[in-house]
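Here's the letter readout for the chains.
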Amino acid sequence: FFGPRLEHELGGKHFLGLYFISGVVGALLTLIFNPNSWIIGASGATYGVMMGYTLFWPRDNVYIWGVMPVQVWLMVIFMTAMSLFGAGSAGGDGIAHFAHLGGFLGGLLYIKSLKRSAKIQQTIVRKIDGVAGTLKVDKWRSIPREMLHEVNRNEYDRIMAKLDSAGVAQLSESEKAFLDRFSQV
């Protein structure tokens, strides 16, 4: 249920990263808190996928037994509480509760790191675009106006006045192309 939509959102590489990191964190948590137990399966990894899904679409409904709608975020809270209760209870019930908790933790950390890295990349792109835009405007301003034909000089003056009053974002693509063409000379 959770996998296809999440894989589509993240891409195959990041989906596998989420899956494996969640599984590893689940196994590590089990080794730390319950070192004498054996774990078999991929429930930590699947819990990580569930957490990833929840971080993107928390209000989606999941139908328990096909009839009872429960929002995904509420289901994760309930399953976390069950795993905490199971991990804290005495005696072994054969369920890898720490793997489940670790899967949730691994999924949370992986998605948060992806989102953080995406924000950093967006900031870098904005800064590069800002520098490139400044360089372009400087290049446009250095066009030798007196060497332009009268018709082009009038168009240059009109576009530069628009640039000064409204900014680069308000220039049309043809106006930018006009300035780029003459800044090459």
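Residues numbered from 1 in each chain as written. Predicted model: local features only at pLDDT ≥ 70, side-chain atom pairs only at ≥ 80, totals over all residues. Heavy atoms only, no water.

This part takes up the overall build of the chain. Looking only at helices and strands, one finds 7 helices and 2 strands in the chain. Seen in sequence order, the chain has helices and strands lined up from the N terminus as α-α-α-β-β-α-α-α-α. For 185 residues, the compact-globule estimate of 2.2 N^0.38 gives 16 Å, and the chain exceeds it by more than 25% at 28 Å. Projecting the C-alpha coordinates of the chain onto the three principal axes gives extents of approximately 90 × 40 × 25 Å. By the burial criterion, 31% of the 185 residues in the chain qualify as buried. As displayed, the chain offers around 12,000 Å² of accessible surface, 64% of which is attributable to carbon and sulfur atoms. Put simply, the chain has 18 plus and 14 minus side-chain charges, and the middle of one group is 5 Å from the middle of the other. (Helix = DSSP H or I, 4+ residues; strand = E, 2+ residues; numbered from the N terminus. Rg over C-alpha atoms; globule rule 2.2 N^0.38 Å. Buried < 20%, exposed > 50% of the residue type's maximum accessible area, 1.4 Å probe, protein only. Areas by Shrake-Rupley, 256 points an atom, 1.4 Å probe, with all protein chains shown as cover. Lys, Arg positive; Asp, Glu negative; His and termini not counted. Charge placed at Lys NZ, Arg CZ, Asp CG, Glu CD.)

A word on the packing of aromatic side chains. All chains considered together, the criterion is met by 9 aromatic pairs. Here the aromatic rings of Phe-2 and Tyr-53 are separated by 5.0 Å at their centres, their planes lie at 65°, and the arrangement is edge-to-face. With Phe-2 in the segment before α1 (3-10) and Tyr-53 in helix α3 (residues 43-56), this pair connects stretches of sequence that are 51 residues apart. Here the two residues Phe-2 and Tyr-53 agree in accessibility, since each one is buried. The interplanar angle of 15° and the centroid separation of 5.1 Å between the aromatic rings of Phe-33 and Phe-98 together place this pair among those described as stacked. With Phe-33 in helix α2 (residues 12-33) and Phe-98 in helix α5 (residues 97-141), this residue pair connects regions lying 65 residues apart in the sequence. Through a chain of ring-to-ring contacts, three or more aromatic side chains come together here, namely Phe-1, Phe-2, Tyr-53, Phe-56 and Trp-57. Across from the ring centre of Phe-56, 4.8 Å away, lies the NZ or CZ of Lys-115, which sits over that ring. (Phe/Tyr/Trp six-rings, centres within 6.5 Å; stacked < 30°, edge-to-face > 60°. Lys NZ or Arg CZ within 6 Å of the ring centre and 35° of its normal.)

All right, on to the pattern of salt bridges then. With the rule as written, the count across this model stands at 8 salt bridges. Where Glu-155 meets Arg-158, a salt bridge forms, and the shortest distance between an N and an O atom there is 2.7 Å. On the criterion of helical spacing, the pair formed by Glu-155 and Arg-158 is a turn pair, its members being 3 residues apart in helix α6 (residues 150-166). Residue class for Arg-158 comes out partly exposed when judged on its relative accessible area of 40%. Salt-bridge contacts for Glu-175 lead to Arg-158; the nearest nitrogen and oxygen are separated by 2.9 Å. (Salt bridge = Lys/Arg side-chain N within 4 Å of Asp/Glu carboxyl O.)

With that out of the way, let us pick up unusual backbone geometry. The backbone of Trp-65 shows a phi angle near 55°, a positive value even though the residue is not glycine. Examined against the element boundaries, Trp-65 turns out to sit in the loop between β1 (61-64) and β2 (68-71). Judged by its relative accessible area of 76%, Trp-65 is exposed.

Relative to the elements of secondary structure, His-14 occurs in helix α2. With 97 residues separating them along the chain, His-14 and Ile-111 place their C-alpha atoms 9.1 Å apart. Here His-14 is in contact with Tyr-110 and Leu-114, once residues within four sequence places are set aside. A polar atom in the side chain of His-14 sits 3.1 Å from the side chain of Tyr-110. (Contact = heavy atoms within 4.5 Å. Polar contact = N/O pair within 3.5 Å; in protein donor to acceptor, adjacent residues only side chain to side chain.)

If you look at the biggest cluster of nonpolar residues, it comprises 21 residues, and the most contacted ones within it are Phe-2, Leu-6, Leu-18, Met-50, Met-75 and Phe-104. Listed by contribution, the elements that provide at least two residues to this core are α1, α2, α3, α4 (72-88) and α5. Examining the composition of this core, we find that 5 residues originate from one element, α3, more than from any other. With residues near it in sequence (within four places) discarded, Leu-18 still touches Leu-6, Leu-10, Gly-48, Val-49, Gly-52, Gly-107, Tyr-110 and Ile-111. Within the second largest apolar cluster, 12 residues are counted, among which are Trp-140, Ile-159, Leu-171 and Phe-178. (Core = buried A, V, L, I, M, F, W, Y, C linked by side-chain atoms within 4.5 Å.)

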